[in-house]
Structures are given as C-alpha cells and as structure tokens.
Amino acid sequence: MIGALKALFEPARDDEPAVTEHRLRLAAAALLIETARADSRQDGVEEAALADTLMRGLGLSEAELDDLVREANAQADAATSLYQFTRLINDHFTPARKRQLIIDMWKVAYADGDLDKYEEHLIRRVAELIHVPHEEYIRAKLTVAGR
C-alpha cells in the first residue's frame, strides 16, 4: 500500500509510458470513485455508471476494470487530499481529456437521479484544480443533466 502511494508521487520516467498511463488511469478512477462517495451513499447505480464510464473511456476488459477499481479504491481510501490525483491530471492530460474527466464525474454524480450538493462541490473543486474553465464545467453539467 505504501509503495503504491509512494509510486504515485514519484515522477514517471519518460521511457515508461505504460506506467504513466496506468497512474493516470488510477488518478481518474480515484476521482470518479470520490464522486460516487461524495454523497455518503455509493450505490449500485453509481458504481455501474463508474464501471461503464471507465470501460468505454479506457477500453478495459472486465478483469482490467476490476483491478483498476480495486487499486483506485485503495488509493482513494489512503488519500488525504485531491492533490495527488489532480497533479497527475494537470501534468499529463490535454484540455480535452480534462473536460472529458469532468463530464465523466457528472455522469457518476447524476447516475442515481439525484445530484447531491457534495457531489457538485467536489466536481467544482476538481475542475478548478485541473484548470477547466468555469464555462466548460457548466457546459459539461448541462450536457449530462440534459440527457
């Protein structure tokens, strides 16, 4: 566990793109998990939305998804702030990929049909931390809410 957290903070070497991509997937998955947990009710609908979003967005198999979610849950449990996740996102995601992460967070938040103020607050904080402009944050929310 400590090794996994330590590895998250250590800069990946440029010659290890697979390691970097895995860490980015973990960071994004952990933020989606935090979104599902934000309202203190992580139900099956939110978990299904999270799994669907990760599988479609990352092209994962069931086994890969299970491993990623298990590892991301452990990292989210051990995290003391969002910084360890958002720093990786800022360092490596393009603006389009950052916007997609915010959309994915909204999908998880709206999955149970009830947007909680804590979910909304978390998504807003993450959007600010990863430098997604406010208009993009709102556009993402309206896109998902209007489905």
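Residues numbered from 1 in each chain as written. Predicted model: local features only at pLDDT ≥ 70, side-chain atom pairs only at ≥ 80, totals over all residues. Heavy atoms only, no water.

A. Quick peek at the packing of helix H6 (residues 95-110) against helix H7 (residues 117-129). Between H6 and H7, whose axes approach to 10 Å, the crossing angle comes to 175 degrees. The orientation of H6 relative to H7 falls into the category roughly antiparallel. Contacts between H6 and H7 involve Ile102, Met105, Trp106 and Ala109 on the former and, on the latter, Glu119, Glu120, Leu122, Ile123, Val126 and Ala127. A per-class count over the contact of H6 with H7 returns eight nonpolar, no polar and two charged. (Axes fitted to C-alpha atoms, helices over the stretch in contact; angles between N-to-C directions. Helix = DSSP H or I, 4+ residues; strand = E, 2+ residues; numbered from the N terminus. Parallel < 35°, antiparallel > 145°, perpendicular 65-115°, else oblique. Contact = heavy atoms within 4.5 Å. Nonpolar A, V, L, I, M, F, W, Y, C, P; charged D, E, K, R; others polar.)

B. Layout of the packing of helix H3 (residues 44-58) against H6. Look at H3 against H6: their axes get within 8 Å of each other, and the N-to-C directions meet at 155 degrees. The angle between H3 and H6 places the two elements in the roughly antiparallel class. Both H3 and H6 take part in a crossing whose hand is right-handed. Listed contacts from H6 to Glu46, Ala49, Leu50, Thr53 and Arg56 of H3 are Asp104, Lys107, Val108 and Ala109. Residue composition of the contact of H3 with H6, grouped by class: four nonpolar, one polar and four charged. (Left-handed = near helix turned anticlockwise from the far one by under 90°.)

C. Region of the structure containing the packing of aromatic side chains. Taken as a whole and judged by the stated rule, the model has two aromatic pairs. Measuring from ring centre to ring centre gives 5.9 Å for Trp106 and Tyr110, while their planes differ by 35 degrees; the resulting arrangement is tilted. Of this pair, Trp106 and Tyr110 both sit in helix H6, four residues apart, which is roughly one turn of that helix. Classification of Trp106 as buried rests on a relative accessible area of 0%. Taking the centre distance of 5.4 Å and the plane angle of 50 degrees together, the rings of Trp106 and Tyr137 count as tilted. Of this pair, Trp106 sits in helix H6 while Tyr137 sits in helix H8 (residues 134-145), and the two are 31 residues apart along the sequence. Of the two residues, Trp106 and Tyr137, both sit in the buried class. One aromatic cluster is present, built from ring pairs that chain together Trp106, Tyr110 and Tyr137. Cation over ring: Arg124 sits above Tyr137, and NZ or CZ is 4.6 Å from the ring centre. (Phe/Tyr/Trp six-rings, centres within 6.5 Å; stacked < 30°, edge-to-face > 60°. Buried < 20%, exposed > 50% of the residue type's maximum accessible area, 1.4 Å probe, protein only. Lys NZ or Arg CZ within 6 Å of the ring centre and 35° of its normal.)

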